[in-house]
Amino acid sequence: MIAEDVSALLLAAARNNADWCDAVCRAHGVPTTFAPAAWSGAARTPPMYPDAVSLTPGATPEEVLGGVDTASPGCCVKDSFAALDLTPAGFEVLFEARWIHRPAGPAAAGTGDAGPVWSRVRDAGELADWEAAWGDGEPSGLFRPELLAPDIAFLTGRSGGRIVAGAVLSLGGGVVGVSNLFAPDTAGADSAWAAAVGAAHELWPGLPVVGYEHGEDLDAAVRAGFAPLGPLRVWLHTA
């Protein structure tokens, strides 16, 4: 993969992720803004979602932090290109990960055949069940029914009638993003990645698939045909 392709995919992945974060935040009534350098939310965003996402490798701390609330606890920034130093602004690195990419196309033949039966979430009740399985408990209302839109697909994997795995696909930036993937074990993760790739190909054929992962989740994505791209960092305001 040539450098120009990698750069374009990184930009697309960052924009796709910002679009997904924007959808989640708007579903909660958080005012959001897209600027050339960064996406940001004007109020505290929902748990596990950033207050800002950098959209270009040349974004400055001032451009990324200009529209966010750093006065109240919990401000979080996704440094999409691992290019920012937010330490002087009172941030610490929460975790690091790698963007991933898979060319457009179906899942490899035979992958995930013995796994759960997969379907798309269609209503608010199913979405609550999905969130409960994703969070290993009661639904918290993080994922609201407004997210059941044509450009977002919540995928459910059922075994014996019970939700055991899932993922989210979201359209944006000219690519399909996969996020919030969960499964009970390594074999289940392989099935879930195969299901996500297959659903992306069915829903939006011709578009590459992106996301970000680290650790064992990154290993599972690589087994599903994804290639690591550049690094990203997530910063948390602690000062």
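Residues numbered from 1 in each chain as written. Predicted model: local features only at pLDDT ≥ 70, side-chain atom pairs only at ≥ 80, totals over all residues. Heavy atoms only, no water.

Caption draft 1: Structural detail: unusual backbone geometry. One non-glycine residue with positive phi stands out, namely Ala-82, at about 50 degrees. With relative accessibility at 18%, the residue Ala-82 sits in the buried group. At Asp-136, a residue that is not glycine, the phi angle is positive and equals roughly 55 degrees. Assignment of secondary structure puts Asp-136 in the loop between helix H3 (124–134) and strand S7 (152–159). (Buried < 20%, exposed > 50% of the residue type's maximum accessible area, 1.4 Å probe, protein only. Helix = DSSP H or I, 4+ residues; strand = E, 2+ residues; numbered from the N terminus.)

Caption draft 2: Inspection of the sheet that holds strand S9 (residues 175–182) at higher detail. The 11 strands are arranged S1-S2-S3-S4-S11-S5-S10-S9-S8-S7-S6 in an open sheet whose pairing can be described as mixed. Where the open sheet ends on each side, the last strands, each with one partner, are strand S1 (32–34) and strand S6 (117–120). Here the strands of the sheet are splayed against their neighbours by 20 degrees on average, with no regard to which way each runs. Summarising the sheet, S6 and S7 pair through 4 bridges and their orientation is antiparallel. Paired with Val-117 across the bridge in S7 is Arg-158. The sheet contacts of H3 involve S6, S7, strand S8 (162–172) and S9, and relative to S8 the element is tilted by about 105 degrees. Sheet strands touched by helix H5 (residues 215–223): strand S5 (91–102), strand S10 (209–213) and strand S11 (227–237). Its angle to S5, the strand with the most contacts, is close to 10 degrees. (Pairing = 2+ DSSP bridges. Axes fitted to C-alpha atoms, helices over the stretch in contact; angles between N-to-C directions. Contact = heavy atoms within 4.5 Å.)

Caption draft 3: Expanded view of the side chain of Asn-180. Among the secondary structure elements, Asn-180 is positioned in strand S9. Side-chain polar atoms of Asn-180 contact the side chain of Ser-179, separated by 2.9 Å. The contacts of Asn-180, once residues within four sequence positions are left out, are Trp-20, Tyr-49, Trp-130, Trp-134, Phe-143, Gly-166, Ala-167 and Val-168. (Polar contact = N/O pair within 3.5 Å; in protein donor to acceptor, adjacent residues only side chain to side chain.)

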